[in-house]
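Fold and geometry: a report
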Amino acid sequence: MGVGWRFFRGKGVIELTERTREELFEEYSRLEEEETKLFLKVQTCEECVGGILGQLYRHGDKIDLLTVEDVLTLVHNKELEFRTELLHLQIHKMMVSFRHSKATGKNRPLEDRDEE
C-alpha cells in the first residue's frame, strides 16, 4: 500500500491509497457482494414491516397496538441502519471505481467496461 489519505464519516472509514488495478478490481467486486447483501437486508426489513402491517389490518382488534408500534419502530430503525451502511458502502465503491478508472486511463464505471 502506498501513500494515501482517509476521511472519517460516522462509523465508516474511506481510505484512498495507491493500489494496483487488480487490487482495485478485487475490492470493487468485494464491495458489490457486500452491497447485494445489504440490499437483501433492507428488503427483508421492508417485508417484515409489510407483514406486520398486514397482521395489524387483519387482527387490529386482537393485538396490542403499542406493542405493534414498538416492534415496527425497531424494525424500521434497523432498516435505517442498513440503509446508512449501504450509503457509506456505495460511496466507498464509487471511489474505488474512480481510482480504477484513473489507473486504467478510462474515466467510466467498471460496469460499463463489459459492453465493449
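Residues numbered from 1 in each chain as written. Predicted model: local features only at pLDDT ≥ 70, side-chain atom pairs only at ≥ 80, totals over all residues. Heavy atoms only, no water.

Concerning the overall build of the protein
- Per the secondary structure count, the protein includes 2 helices and 2 strands.
- For the protein, the sequential pattern of α-helices and β-strands runs β-β-α-α.
- In the protein, which comprises 116 residues, the proportion classed as buried is 24%.
- Partitioning the intrachain contacts of the protein with sequence separation of at least 6 by distance along the chain shows that 58% fall at a separation of at least 24.
- Surface summary for the protein: the accessible area is close to 8,500 Å², and the carbon and sulfur share equals 56%. (Helix = DSSP H or I, 4+ residues; strand = E, 2+ residues; numbered from the N terminus. Buried < 20%, exposed > 50% of the residue type's maximum accessible area, 1.4 Å probe, protein only. Contact = heavy atoms within 4.5 Å. Areas by Shrake-Rupley, 256 points an atom, 1.4 Å probe, with all protein chains shown as cover.)

So, the nonpolar core
- Grouped together as the largest cluster of nonpolar side chains are 14 residues, with contacts concentrated most on L38, F82 and V96.
- Looking at this core, the elements with two or more residues in it are helix 1 (21-59) and helix 2 (65-104). (Core = buried A, V, L, I, M, F, W, Y, C linked by side-chain atoms within 4.5 Å.)

What about the environment of I63?
- By the element assignment, I63 lies in the loop between helix 1 and helix 2.
- Excluding residues within four positions of it along the chain, I63 makes contact with Q55, L56 and V68.

Let's talk about the pattern of salt bridges
- Taken as a whole, this structure holds 6 salt bridges when the rule is applied.
- Taking the shortest distance from any N to any O, the salt bridge between R30 and E27 comes out at 3.7 Å. Of the two residues, R30 and E27 are both situated in helix 1; the distance of 3 residues between them amounts to about one turn of the helix.
- For R30, a relative accessible area of 38% gives the class partly exposed.
- Measuring nitrogen to oxygen at the nearest pair gives 2.2 Å for the salt bridge that ties E34 to R30. (Salt bridge = Lys/Arg side-chain N within 4 Å of Asp/Glu carboxyl O.)

Overview of helix 2
- Its 40 residues place the ends of helix 2 57 Å apart at the C-alpha level, agreeing with the 58 Å of an ideal helix rising 1.5 Å per residue.
- Positive backbone phi, at 80°, marks G105, one or two positions downstream of helix 2. (Expected span 1.5 Å × (residues − 1).)

Let's talk about the confidence of the model for the protein
- Across the protein, the average pLDDT comes to 83, with 74% of residues at 70 or higher.
- Of the regions scoring below 50 in pLDDT, residues 1-9 engages in 20 contacts with residues more than four places distant in sequence or in other chains. (pLDDT = per-residue confidence, 0-100.)

Some details on helix 1
- Given a rise of 1.5 Å per residue, 39 residues ought to cover 57 Å, and the 57 Å separating the end C-alpha atoms of helix 1 matches this to within 8%.
- Residues of helix 1 that are buried: L24, E27, Y28, L31, E35, L38, V42, C45, V49 and G54.
- The elements touched by buried residues of helix 1 are helix 2.

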